[in-house]
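# Examination of the molecular architecture
Below are the chains, spelled out letter by letter.
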Amino acid sequence: MRKTLSMSGMLEPGSSPLSRRRLLLAGAAACACGASVAAPAALPASVSLSDELAQALKKGVPLLVMVSLDGCPFCKVARDNYLVPLRQEQGLMVVQLDMRSNRLVKDFKGATRTHDELIRSWGIKVAPTVLFFGPRGAEIAERMVGGYIPDFYGAYLDERLRLAQAALRS
């Protein structure tokens, strides 16, 4: 008597264990293919804040810096759903610094530090934190600290951007 797999994953009369194994392998292959098609969204790591700020100001926009933590689910939501689209669709200058990272970056004064040292010098203890910088590396809008409620994150980000852009114009 042959057994087949039901929608609930139970073996039915007439199917064999091999059928279930093939189904699982096919599902795993489909997941793997889907994962390779859609590359994860990313922000470039900051290399030189003074250069990145100069590029932003040349465009007439603030420099946005996202402080992230590897493995942070709130950081992933902020980055993938809000900051990457701002960078791609509106051309805003958005870069990322990583907590606990020993990657080197030049600060606004040209000094070379690790991401972690720079983040600590700014007094940041929560990821994600988004900062808005204007001339001379001054913060020109209130920091966005934490993940906020997802339904309102975009509204808070839009408001901070509006304030930062107004500060640039004045």
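Keep in mind that this is a model prediction, so the values were computed, not measured. (Residues numbered from 1 in each chain as written. Predicted model: local features only at pLDDT ≥ 70, side-chain atom pairs only at ≥ 80, totals over all residues. Heavy atoms only, no water.)

Attention now goes to the side chain of Thr-114. Relative to the helices and strands, Thr-114 is located in strand 4 (residues 112–114). Judged by relative accessible area, which is 12%, Thr-114 ranks as buried. Those residues in contact with Thr-114 that lie beyond four places of it in its chain are Ser-101, Asn-102, Arg-103, Leu-104 and Val-105. (Helix = DSSP H or I, 4+ residues; strand = E, 2+ residues; numbered from the N terminus. Buried < 20%, exposed > 50% of the residue type's maximum accessible area, 1.4 Å probe, protein only. Contact = heavy atoms within 4.5 Å.)

Before going further, it helps to spend a moment on the nonpolar core. Counting residues in each nonpolar core, the largest one holds 39 residues, and the members touching the most others are Leu-49, Leu-63, Leu-64, Val-65, Leu-83, Trp-122 and Phe-132. Secondary-structure elements contributing two or more residues to this core are helix 2 (49–59), strand 1 (63–68), helix 3 (73–90), strand 2 (93–98), helix 4 (115–121), strand 5 (129–133) and helix 5 (150–169). Ignoring sequence-local partners within four residues, the contact set of Leu-49 consists of Leu-63, Val-65, Val-95, Val-105, Lys-106, Asp-107, Phe-108, Leu-118 and Trp-122. (Core = buried A, V, L, I, M, F, W, Y, C linked by side-chain atoms within 4.5 Å.)

Moving on, we get to the pattern of salt bridges. Enumeration according to the criterion identifies 7 salt bridges in this entry. The residue Arg-160 makes a salt bridge to Glu-142 at a minimum N-O spacing of 3.6 Å. With Arg-160 in helix 5 and Glu-142 in the loop between strand 5 and strand 6 (144–145), this residue pair connects regions lying 18 residues apart in the sequence. In this structure, Arg-162 and Glu-159 form a salt bridge, with 2.7 Å as the shortest nitrogen-oxygen distance. Residue Arg-162 and its partner Glu-159 are located together in helix 5, separated by 3 residues, close to a single helical turn. Since its relative accessible area comes to 45%, Arg-162 is described here as partly exposed. We classify Glu-159 as partly exposed; its relative accessible area is 35%. Residues joined in a network through salt bridges with shared partners are Lys-76, Arg-79 and Asp-80. (Salt bridge = Lys/Arg side-chain N within 4 Å of Asp/Glu carboxyl O.)

With that settled, consider the packing of aromatic side chains. The geometry of an aromatic ring pair is captured by the separation of the ring centres together with the interplanar angle, meaning the angle of the planes. This structure, assessed with the given rule, holds 3 aromatic pairs. Look at Tyr-82 and Tyr-153: their rings are 4.9 Å apart centre to centre, the planes differ by 45 degrees, and that puts the pair in the tilted class. On the criterion of sequence distance, the pair formed by Tyr-82 in helix 3 and Tyr-153 in helix 5 is long-range, its members being 71 residues apart. Ring centres of Phe-108 and Phe-133 lie 4.8 Å apart, and the angle between their planes is 55 degrees; on these two criteria the pair is classed as tilted. Taken together, the positions of Phe-108 in the loop between strand 3 (104–106) and strand 4 and Phe-133 in strand 5 put the pair 25 residues apart, joining distant regions of the chain. In this structure Phe-133 comes out as buried when scored by relative accessible area, which is 2%. (Phe/Tyr/Trp six-rings, centres within 6.5 Å; stacked < 30°, edge-to-face > 60°.)

This part is about the environment of Gln-88. Mapped onto the elements, Gln-88 comes out in helix 3. Residue classification places Gln-88 among the exposed positions, given a relative accessible area of 63%. Taking the C-alpha atoms as reference, Gln-88 lies 10.0 Å from Leu-43; in sequence the two are 45 residues apart.

Quick look at unusual backbone geometry now. Note the cis peptide between Ala-127 and Pro-128, where omega equals -5 degrees. Mapping Pro-128 onto the fold places it in the loop between helix 4 and strand 5. Positioned with a positive phi, Arg-100 is a non-glycine residue whose angle comes to about 70 degrees. Here Arg-100 falls in the exposed class, since its relative accessible area comes to 67%. Although it is not a glycine, Arg-136 sits at a positive phi angle of roughly 60 degrees. Along the chain, Arg-136 turns up in the loop between strand 5 and strand 6.

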